[in-house]
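The lines below spell out each chain.
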Amino acid sequence: MNLHVTDSGAGVPVVWIHGFPLASEMFRPQLAIQGVRHLMPDLPGFGRTRAAERELSMDDYARFVLAELDRRGIERATFAGMSMGGYVCFAAARLAPERIAGFILIDTRETADTEEARKGRYETIEKVRREGLGPIVDSMLPKMLTRNASPEMVDEVREIMESTSPAGAIAALGAMATRPDSTPLLPSLDIRTLIITGADDPITPPADAKRMAAAIPNAKAVILDDAAHLSNYQQPEAFNRAAFLWLTG
Ligand code: MLT
């Protein structure tokens with residue numbers, strides 16, 4: 001299936017893979033990074049891509065993204081993934097490491113769900129079936145931004161989250177619950193990696209970033225102050241500076 005992809009700018013290709021329950025729109029501030037061809041897909045059931053209406057795995061999401069690169073004749077790209085997007089990056093590294101020029105791992109982690117987290121995912125799936133997306137948005141929105149974020153920014157992020165379809169959320173919850181542990185992958189990664197995380201991220205805290213940076217051979221971690229889970233959105237200037245310096249370094 002085709003994904004809706006924002007394809008903008010000229011330069012080294014970077015594919016930005018959004019988190020859950022978000023959409024490519026979460027990377028709008030990154031369009032300001034110069035010298036980059038920005039590819040920003042909406043995964044199935046998120047933003048402007050229709051849902052797949054079937055169960056999906058992280059490998060499926062990675063294949064959808066790789067197919068969009070194929071469609072554009074792009075052999076290699078930097079893969080930048082936020083949270084669930086990071087899980088997709090790890091899946092892509094297992095499936096097609098030769099297609100990955102670099103990693104920007106944003107507010108994500110390499111570990112699989114604990115038994116308890118997995119149970120929570122299946123309970124959330126039932127809740128989405130009964131009540132739609134509202135309860136997920138209400139519970140996750142306060143974790144996306146720190147409390148001093150402007151009301152306008154909070155509204156923007158709510159709107160992005162609300163662009164997720166229930167079918168898209170259900171498929172992604174199932175894929176996250178069944179994703180493998182990527183811990184064994186990290187020491188073997190021959191991929192230059194930048195890890196960026198918000199200092200106040202309650203979902204994937206800085207300890208996750210530091211652990212990944214210690215395990216990946218060629219990795220650097222940057223922790224952004226005054227940012228929670230959506231660090232690229234809340235601190236776009238600091239984020240873009242770190243990404244630009246790393247991309248051009
Ligand atoms: C995300 O932002 O993609 C999610 O918080 C990831 C997760 O729930 O594991």
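For the structure, check the block above.
Here is a short report on the structure shown in this document. None of these values were measured; they are calculated from a predicted model. (Residues numbered from 1 in each chain as written. Predicted model: local features only at pLDDT ≥ 70, side-chain atom pairs only at ≥ 80, totals over all residues. Heavy atoms only, no water.)

1. Regarding the overall build of the protein
No. 1: Secondary structure summary: the protein contains 9 helices and 7 strands in total.
No. 2: For 249 residues, the compact-globule formula gives about 18 Å, and the C-alpha radius of gyration of the protein, at 16 Å, lands near that figure.
No. 3: Counting only C-alpha atoms, the protein reaches 50 × 40 × 35 Å along its principal axes.
No. 4: A fraction of 77% describes how many contacts in the protein between residues 6 or more apart in sequence connect residues 24 or more apart. (Helix = DSSP H or I, 4+ residues; strand = E, 2+ residues; numbered from the N terminus. Rg over C-alpha atoms; globule rule 2.2 N^0.38 Å. Contact = heavy atoms within 4.5 Å.)

2. Digging into the nonpolar core
No. 1: Core analysis: the biggest nonpolar cluster contains 86 residues, and Trp16, Phe20, Tyr61, Phe79 and Phe103 have the highest contact counts within it.
No. 2: Examining the composition of this core, we find that 8 residues originate from one element, helix H2 (residues 84-95), more than from any other.
No. 3: Contacts of Phe103, omitting those with residues within four sequence positions, involve Thr78, Phe79, Cys89, Phe90, Ala93, Leu189, Ile191, Arg192, Thr193, Leu194 and Trp246. (Core = buried A, V, L, I, M, F, W, Y, C linked by side-chain atoms within 4.5 Å. Buried < 20%, exposed > 50% of the residue type's maximum accessible area, 1.4 Å probe, protein only.)

3. Brief notes about helix H1 (residues 58-71)
No. 1: Between its first and last C-alpha, H1 extends 20 Å over 14 residues, near the 20 Å set by a 1.5 Å rise per residue.
No. 2: Looking only at H1, the buried set comprises Met58, Asp60, Tyr61, Ala62, Phe64, Val65, Leu66, Glu68 and Leu69.
No. 3: At its buried positions, H1 is contacted by strand E1 (4-8), strand E2 (12-17), strand E3 (36-42), strand E4 (77-82), H2 and helix H6 (166-177).
No. 4: One or two residues past the end of H1 sits Gly73, with phi positive at roughly 70°. (Expected span 1.5 Å × (residues − 1).)

4. Here's the deal with the site of the ligand
No. 1: Lining the immediate surroundings of the ligand are Gly19, Phe20, Ser83, Met84, Tyr87, Arg109, Arg121, Met140, Met176, Ile203 and His229.
No. 2: Within the backbone of Phe20, an N or O atom sits 2.7 Å from an oxygen atom of the ligand.
No. 3: The separation between an oxygen atom of the ligand and a polar side-chain atom of Arg121 is 2.8 Å.
No. 4: The protein chains hide 95% of the 270 Å² of surface that the ligand would expose on its own.
No. 5: Across the shell around the ligand, the residue classes break down as 6 nonpolar, 3 polar and 2 charged. (Near = heavy atom within 4 Å. Polar contact = N/O pair within 3.5 Å; in protein donor to acceptor, adjacent residues only side chain to side chain. Areas by Shrake-Rupley, 256 points an atom, 1.4 Å probe, with all protein chains shown as cover. Nonpolar A, V, L, I, M, F, W, Y, C, P; charged D, E, K, R; others polar.)

5. A closer look at the sheet that holds strand E7 (residues 219-224)
No. 1: The strand order E1-E3-E2-E4-E5-E6-E7 describes an open sheet built from 7 strands, whose pairing is mixed. Whereas interior strands pair on both sides, the edge strands pair on one side only; in this sheet they are E1 and E7. Neighbouring strand axes in the sheet, compared pairwise and without regard to direction, differ in orientation by 20° on average.
No. 2: In terms of strand pairing, strand E5 (residues 100-106) meets strand E6 (residues 193-198) through 4 bridges, oriented parallel. Within E6, the residue paired with Ile106 across the bridge is Ile196.
No. 3: Where helix H9 (residues 236-248) meets the sheet, it contacts E2, E3, E4, E5, E6 and E7, and its direction lies at approximately 170° from that of E6. (Pairing = 2+ DSSP bridges. Axes fitted to C-alpha atoms, helices over the stretch in contact; angles between N-to-C directions.)

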